[in-house]
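# Summary of the model geometry
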Amino acid sequence: MVTKEELDSLDSRMIHEALLQQEEDRGIRCLTCNHRCVIREGQTGICNTRANIDGTIKTLVHGNISSLSSNPVEKKPFFHFAPGTTAFTVGSWGCNASCEFCQNYSISRGSPTSKSSRYLSPQGFIDAAQREEAEGISISFNEAATLMLEWNMEVFDIAHERGLYNT
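The model shown is predicted, which means the values in this text are computed figures rather than measured ones.

### With respect to the sheet that holds strand β1 (residues 16–17)
- Spatially, the three strands line up as an open sheet ordered β1-β6-β5, and their pairing is antiparallel. The open sheet is flanked by β1 and β5 (50–53), the only strands paired with a single partner.
- With two bridges connecting them, β1 and strand β6 (residues 56–59) associate as antiparallel partners. Residue pairing in the sheet places His16 in a bridge with Thr59 of β6.

### Here's the deal with the packing of helix α3 (residues 122–131) against helix α5 (residues 149–161)
- At a minimum axis distance of 9 Å, the contact between α3 and α5 shows a crossing angle of 45°. When the axes of α3 and α5 are compared, the pair comes out oblique. For the crossing formed where α3 meets α5, the hand is right-handed. Within the contact between the two elements, α3 uses Pro122, Gln123, Phe125 and Ile126 and α5 uses Trp151, Glu154, Val155, Ile158 and Ala159.
- Within the contact of α3 with α5, the residues separate by chemical class into seven nonpolar, one polar and one charged.

### Comments concerning the sheet that holds strand β4 (residues 38–39)
- One open sheet accounts for three strands, arranged β2-β3-β4; its pairing is antiparallel. The sheet terminates laterally at β2 (21–24) and β4, the two strands that pair on one side only.

### Quick notes on the environment of Ile137
- With respect to the helices and strands, Ile137 occurs in strand β11 (residues 136–139).
- Sequence separation between Ile137 and Thr167 is 30 residues, and the spatial gap between their C-alpha atoms is 6.2 Å.
- For Ile137, the residues in contact, after removing those within four places along its chain, are Ala87, Phe88, Phe125, Ile126, Ala129, Val155, Phe156, Ala159, Leu164, Tyr165, Asn166 and Thr167.

### So, the layout of surface pockets
- Each pocket or cavity is described by its volume, and for the largest pocket that value is around 490 Å³.
- For the largest pocket, the lining is made up of 23 residues, of which Gln103, Asn104, Ser140, Phe141 and Asn142 are closest to its centre.
- Class assignment for the residues of the lining of the largest pocket results in ten nonpolar, nine polar and four charged.

### Section: α3
- Along α3, the positions that sit buried rather than exposed are Pro122, Gly124, Phe125, Ile126, Ala128 and Ala129.
- The inward-facing, buried residues of α3 contact β8 (67–72), β9 (86–91), β10 (118–119), β11 and α5.
- One or two residues past the end of α3 sits Glu133, with phi positive at roughly 60°.

### A short note on the pairing of β5
- Of the two faces of β5, the one lined by Arg50 and Asn52 and the one lined by Ala51 and Ile53 are each fully buried.
- Two strands pair when backbone bridges link them, and β5 and β6 are joined in this way by four bridges, in the antiparallel orientation. Among the inter-strand pairings, Arg50 is bridged to a residue of β6, identified as Thr59.
- What sits between β5 and β6 in their antiparallel hairpin is a turn of two residues, with Asp54 showing a positive phi close to 55°.

### Quick notes on the pairing of strand β3 (residues 27–30)
- The pairing of β2 with β3 spans four bridges and is classified as antiparallel. By the bridge assignment for β3, Gln22 is matched with Arg29.
- Linking two consecutive strands that pair antiparallel, namely β2 and β3, is a turn of two residues.
- Bridge count for β3 against β4 is two bridges, and the pairing is antiparallel. When the sheet's bridge partners are listed, Arg29 is paired in β4 with Val38.

Analysis parameters
- Residues numbered from 1 in each chain as written.
- Predicted model: local features only at pLDDT ≥ 70, side-chain atom pairs only at ≥ 80, totals over all residues.
- Heavy atoms only, no water.
- Pairing = 2+ DSSP bridges.
- Helix = DSSP H or I, 4+ residues; strand = E, 2+ residues; numbered from the N terminus.
- Axes fitted to C-alpha atoms, helices over the stretch in contact; angles between N-to-C directions.
- Parallel < 35°, antiparallel > 145°, perpendicular 65-115°, else oblique.
- Left-handed = near helix turned anticlockwise from the far one by under 90°.
- Contact = heavy atoms within 4.5 Å.
- Nonpolar A, V, L, I, M, F, W, Y, C, P; charged D, E, K, R; others polar.
- 1 Å grid on protein atoms, 1.4 Å probe; cavity = no way out; pocket = protein on both sides within 12 Å on 5 of 7 lines; lining within 4 Å.
- Points joined across faces, edges and corners; volume = space filled by probe spheres on them.
- Buried < 20%, exposed > 50% of the residue type's maximum accessible area, 1.4 Å probe, protein only.

Structure (structure tokens):
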């Protein structure tokens, strides 16, 4: 459940219509991940990042950033992918998994309406990556690669235009 007060606490740029949704009798089906949650008005999906607001699934994490870090790409971990380079890494809130061993529990189980939320535009993220002299960018720390889908698509286009790799 997401309350009006919680929604009002978010920067309006963080609330963005979800790309993948389907109307159903019982609510709106979110098609972003494998859970395919049917979300009723005012409710959120398992991930706690997608909400039914006025009959439309909206993401609450469009640029809603919990973590930023510059890391060696080997930390991701990728085998023989751009060795020796740095990936500027971003994460958000929520998750669609419930791993008992999660090392990022505070953000993966944290609320997108957390007082720690801060907005970062796709352009701002890429600008920051270049200030950090990173060779690429990474979406990580929780299941942000899926749950930040709409923001990520904008980020990936800008990164590609600027010659940064995407992971």
